[in-house]
Amino acid sequence: MAYVINDDCISCGACAAGCPVEAISEGAAHYEINADVCVDCGACAGTCPVGAPNPQ
Ligand code: SF4
Ligand code: SF4
């Protein structure tokens, strides 16, 4: 299980700064979460202004 960032992402970078395991990086179209690193803490979802990260 991991969180996934959808196309609503505006690439503000707030979630990447708050991720405790540095699983989030800037991708080609929007920020992306490395599912192999994400520990499912939900911090990114709480930080995001547009609700782009969601549990999958
Ligand atoms: Fe990082 Fe937690 Fe978001 Fe996973 S759910 S990407 S560990 S902030
Ligand atoms: Fe994208 Fe939300 Fe992360 Fe900002 S906080 S980079 S809008 S997913």
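Before reading further, recall that the structure is shown in the block above.
Report follows, based on the coordinates. Just so it is clear, the model here is predicted, and its values are computed rather than measured.

Some details on the environment of proline 49
Locating proline 49 in the fold gives a position in the loop between α2 (43-47) and β4 (53-55). Residues proline 49 and cysteine 12, spaced 37 residues apart in sequence, show a C-alpha to C-alpha distance of 8.9 Å. Sequence-distant contacts of proline 49, defined by excluding residues within four places in its chain, comprise Ile10 and Cys12.

What about the site of ligand 1?
Taken together, 13 residues form the shell around ligand 1, and within it Cys19, Cys38, Cys41, Gly42 and Cys44 come nearest. Class assignment of the residues belonging to the shell around ligand 1 gives a composition of 11 nonpolar, 1 polar and 1 charged.

Details of the nonpolar core
Formed by 14 residues in total, the largest nonpolar core has its most connected members in Ile5, Ile24, Ile33, Cys38 and Cys44. Looking at this core, the elements with two or more residues in it are β1 (3-5) and β3 (31-33). Those residues in contact with isoleucine 33 that sit more than four places away from it in its chain are Tyr3, Val4, Ile5, Ala23, Ile24, Cys38 and Cys44.

Quick notes on the site of ligand 2
Near ligand 2 lie 14 residues; those nearest to it are Cys9, Cys12, Gly13, Cys15 and Cys48. A class-by-class count of the residues in the shell around ligand 2 yields 12 nonpolar, 2 polar and no charged.

Criteria and thresholds
- Residues numbered from 1 in each chain as written.
- Chains lettered and ligands numbered in written order.
- Predicted model: local features only at pLDDT ≥ 70, side-chain atom pairs only at ≥ 80, totals over all residues.
- Heavy atoms only, no water.
- Helix = DSSP H or I, 4+ residues; strand = E, 2+ residues; numbered from the N terminus.
- Contact = heavy atoms within 4.5 Å.
- Near = heavy atom within 4 Å.
- Nonpolar A, V, L, I, M, F, W, Y, C, P; charged D, E, K, R; others polar.
- Core = buried A, V, L, I, M, F, W, Y, C linked by side-chain atoms within 4.5 Å.
- Buried < 20%, exposed > 50% of the residue type's maximum accessible area, 1.4 Å probe, protein only.

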